[in-house]
Amino acid sequence: MSRLLSVEGLTTRFPLAGVHVPIVDESTFAIDRGEVLALVGESGCGKSMTALSIMRLVPKPGRIHSGRVELLGRDLLGLSVTEMRAVRGGRISMIFQEPMTSLNPVMRCGDQVVEAIRLHDEVSRKDALARCRELFVQVGIPDPDARLRAYPHQLSGGLKQRVMIAMALSTRPELLIADEPTTALDVTIQAQILRQLLELRREIGMSILLITHDLGIVNELADRVAVMYAGRIIEQGERTDVLGRALHPYTQGLLRSMPALATPGRRLPEIPGVVPSPAEWPMGCRFATRCQLAEDRCRREVPGATARSDNHVASCHAVEEGRAQAPAGGEPEGAAR
């Protein structure tokens, strides 16, 4: 596979408590053509801000402090506003987390998608409307002609999410960023949307950055996984390695807390403590305050990346020193793809 997106040392800061705090801190990862990379972690760890940084949509007073975001070797952070506008929504599209607030409530759904198409492609309104209808069919919207004329409040949450997916796909992007694409949807609708994303990936060959906290979804869709904690990516690798042979104690804790792995009648294992607020992130390893393997070095020094294979790395002193044990091989039970 050829490299599509390369993110190196991405740092995005916000002013908090009188200092500029890195909400995304030195993040480095890559996505190949046709690949699905899942970015996982607890709420507030910086996943969505990573996506907004790639799109250069960081809300003020935040700002991208340093790093590179390259699309096919072109650094997006160095583009002018006009140049970036052509990339955003064209070569890179995003499904935002809340379709209820992402759609314009006073515009018909079809008009919103038509507007997105004509913004990036010189076509007539008639041709754009025909393409919009095709997209509605493609993403599984029933009675597409009626939905073209409907306002967002007239659609269910699942249908609004499909309209957002249709809008994101309207320019046939090379990269689709899907931020919690099935949040607040029932299980049946979740499964339908996930199947559609996989089918569309095969049809148009796009790559997907999937942002989620649901490891079951990760196992269904992802080729590779990057785990984020307190603004830093602490483990990444092939899906089978990260889910089946996790190295970092935090990743192992996430996997143990999966309901599919629970012993009937027993309380789910939990990671002790809570994620510190960005203004109170500790020195060294940010997971050290909750980690049973933490030693003095962990609280003082930021761990570097330790490789266990060409495609599986973790940032953990215990992994580096051989004190952390990966579980036996194989994917988690109950998470078969």
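Structure's up top.
It should be emphasised that the depicted structure is a prediction, and the values quoted were computed from it without experimental measurement. (Residues numbered from 1 in each chain as written. Predicted model: local features only at pLDDT ≥ 70, side-chain atom pairs only at ≥ 80, totals over all residues. Heavy atoms only, no water.)

Comments concerning the overall build of the chain
Operational definition: Each helix corresponds to a stretch of at least 4 residues labelled H or I by DSSP, and each strand to a stretch of at least 2 residues labelled E; elements are numbered beginning at the N terminus. Radius of gyration: over C-alpha atoms. The globule rule applied is 2.2 Å multiplied by the number of residues raised to the 0.38 power. Burial classes: relative accessible area under 20% of the type maximum marks a residue as buried, over 50% as exposed, and values in between as partly exposed (1.4 Å probe, protein chains only). Two residues form a contact once any of their heavy atoms are found within 4.5 Å. Surface exposure here means Shrake-Rupley accessible area, sampled with a 1.4 Å probe, where a residue is shielded only by the protein chains that are shown. His residues and chain termini do not enter the charge count, which takes Lys and Arg as positive and Asp and Glu as negative. Taken as the charge location is NZ of Lys, CZ of Arg, CG of Asp or CD of Glu.
What the chain contains, in helices and strands, is 13 helices and 12 strands. Here the C-alpha radius of gyration of the chain, 21 Å, is about what a compact globule of 337 residues would show, namely 20 Å. C-alpha atoms of the chain, sized along the principal axes, occupy 65 × 50 × 40 Å. The buried share of the chain, reckoned over its 337 residues, is 51%. For the chain, the proportion of contacts with a sequence separation of at least 24, taken over those separated by at least 6, is 64%. Per element, the accessible surface of the chain, about 15700 Å² overall, is 50% carbon and sulfur. Of note, the chain has its 41 positive side-chain charges centred 3 Å away from the centre of its 40 negative side-chain charges.

Observations regarding helix 1 (residues 47–54)
Among the eight residues that make up helix 1, seven are buried, leaving the element largely enclosed by the rest of the structure. What helix 1 keeps buried is the set Lys47, Met49, Thr50, Ala51, Leu52, Ser53 and Ile54. Just downstream of helix 1 lies Arg56, where phi reads positive at about 55°.

Section: the pattern of salt bridges
Keep this limit in mind: Salt bridge, as applied in this entry: a Lys or Arg side-chain nitrogen positioned within 4 Å of an Asp or Glu carboxyl oxygen.
For the structure shown, the criterion picks out 21 salt bridges. Where Glu174 meets Arg91, a salt bridge forms, and the shortest distance between an N and an O atom there is 2.6 Å. Of the two residues, Glu174 sits in the loop between helix 7 (157–169) and strand 7 (175–179) while Arg91 sits in the loop between helix 2 (81–87) and strand 6 (92–95), which places them 83 residues apart along the sequence. With relative accessibility at 30%, the residue Arg91 sits in the partly exposed group. Salt bridges linked by common partners bring Glu295, Arg297, Arg300, Glu301, Glu320, Glu321 and Arg323 together as one network.

Observations regarding the nonpolar core
Nonpolar side chains in soluble globular proteins generally cluster together in the buried interior. The criterion, for reference: Buried Ala, Val, Leu, Ile, Met, Phe, Trp, Tyr and Cys residues form a nonpolar core when they are joined through side-chain atoms within 4.5 Å.
If you look at the biggest cluster of nonpolar residues, it comprises 99 residues, and the most contacted ones within it are Leu5, Ile54, Ile92, Phe136, Ile177 and Leu209. Per-element tally for this core: the top contributor is helix 7, with eight residues. With near-sequence residues (within four places) excluded, Leu209 lies in contact with Ile31, Leu37, Leu39, Ile54, Leu175, Leu176, Ile177 and Ala178. One finds Leu247, Ala314, Ala318 and Ala324 within the second-largest nonpolar core, a separate group that totals six residues.

Keep in mind these values describe shape, not function.
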